[in-house]
Amino acid sequence: MAADKINIEDLLADESFINYCNHTSAKDEQYWEKLLEINPAQADLAEEAKRILFQLFSALATIDLDEQVALLEKRLGTYLPTP
C-alpha cells in the first residue's frame with residue numbers, strides 16, 4: 001500500500017493494519033510502525049482509523065453479547081417453571 005495514498009477506508013479493510021491495531025502479528029506491527037515512521041504525516045490518519053476500528057469492534061461485541069444474552073434467556077426459559 002502506497003503510504004501517500006492511504007485513506008481510512010483502505011486502512012479499515014487492510015488485514016495487516018487490523019493486526020497492527022490488535023497487536024496480533026509482530027510482523028504487521030513492525031511493518032506499520034516502520035511505514036508510519038517513514039511517513040509521519042500519515043500518523044494522524046492511522047490513529048483515526050484505529051479509533052474507528054475499535055469503535056466498530058466494540059459495537060459488534062455489544063451486538064454479539066446482546067444476542068448471546070437473549071439466546072441464554074430463551075434457553076433458560078425452557079428449563080424454568082412457568083408461573
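In this convention, every chain numbers its residues from 1, walking through the sequence in written order. For a predicted model such as this one, the threshold for reporting local features is a pLDDT of at least 70, and the threshold for listing and counting side-chain atom pairs is 80 or more; totals across whole chains, interfaces and linings nevertheless cover every residue. Side-chain numbers come from the whole structure's heavy atoms, not from hydrogens or water.

Runs of H or I in DSSP of at least four residues are treated as helices and runs of E of at least two as strands, each being numbered from the N terminus. In terms of regular secondary structure, the protein chain is built from four helices and zero strands. Throughout this description, buried means an accessible area under 20% of the type-specific maximum (1.4 Å probe, protein chains only), exposed means over 50%, and partly exposed covers the range between. Across the 83 residues that make up the protein chain, the buried fraction comes to 24%. Pairs of residues are marked as contacts when any of their non-hydrogen atoms sit within 4.5 Å. The long-range fraction of contacts in the protein chain, counting pairs at least 24 apart against all pairs at least 6 apart in sequence, stands at 60%.

Before going further, it helps to examine the nonpolar core. We define the nonpolar core as a collection of buried residues of types Ala, Val, Leu, Ile, Met, Phe, Trp, Tyr and Cys that are connected through side-chain atoms lying within 4.5 Å of one another. Listed in full, the eleven residues of the largest apolar core are I6, L11, F17, Y20, C21, W32, L35, L36, A46, A49 and L53. If you list the elements that add at least two residues to this core, you get α2 (15-22), α3 (26-38) and α4 (43-79). Once residues within four sequence positions are removed from consideration, Y20 is found in contact with D28, E29, W32, E33, L36 and K50.

Stacked, edge-to-face and tilted labels apply to pairs of Phe, Tyr and Trp rings (six-membered ring for Trp) whose centres lie within 6.5 Å, assigned for plane angles under 30 degrees, over 60, and everything in between, in that order. Per the counting criterion, the structure on display carries four aromatic pairs. An aromatic cluster of at least three residues, connected via ring pairs, comprises F17, Y20, Y31 and W32.

For H23, which is not glycine, the phi dihedral falls at a positive 55 degrees. The residue H23 is located in the loop between α2 and α3 in this model.

Viewed as axis vectors pointing N to C, α2 and α3 meet at an angle of 95 degrees, and their least axial separation amounts to 8 Å. The angle between α2 and α3 falls in the class roughly perpendicular. Where α2 approaches α3, its residues S16, F17, N19 and Y20 are matched on the opposing element by D28, E29, W32, E33 and L36. Per-class residue counts for the contact of α2 with α3 are four nonpolar, two polar and three charged. Axis angles are defined between N-to-C directions and span 0 to 180 degrees, where every axis is a line fitted to C-alpha atoms and, for a helix, only to the segment in contact. Roughly parallel refers to an angle under 35 degrees, roughly antiparallel to one over 145, roughly perpendicular to one between 65 and 115, and oblique to any angle outside these ranges. Charged residues are taken to be Asp, Glu, Lys and Arg, nonpolar residues to be Ala, Val, Leu, Ile, Met, Phe, Trp, Tyr, Cys and Pro, and polar residues to be all remaining types, Gly included.

Let's shift gears to the environment of H23. Its relative accessible area of 55% is what places H23 among the exposed residues. A polar contact is formed between the side chain of H23 and the side chain of E29, at a distance of 3.0 Å. Whenever two N or O atoms come within 3.5 Å, that pair is a polar contact, provided that in protein one can donate a hydrogen and the other can accept it, and provided that, for residues adjacent in sequence, both atoms are side-chain atoms.

Every residue carries a pLDDT, the predictor's confidence in it, which falls somewhere between 0 and 100. Here the protein chain shows a mean pLDDT of 83. Residues at 70 or above account for 84%. Per-element mean pLDDT across the protein chain ranges from 79 in α4 up to 94 in α3.

With that settled, consider the pattern of salt bridges. Pairs can form between side chains of opposite charge whenever their charged atoms are close. For this document, the term salt bridge refers to a Lys or Arg side-chain nitrogen within 4 Å of an Asp or Glu carboxyl oxygen. Applying the stated criterion across every chain yields a total of two salt bridges. E47 is the partner of K50 in a salt bridge, and the nearest nitrogen-oxygen pair spans 3.9 Å. A residue pair is termed a helical-turn pair when its members lie 3 or 4 positions apart in one helix, as K50 and E47 do in helix α4 at three residues. With relative accessibility at 16%, the residue K50 sits in the buried group.

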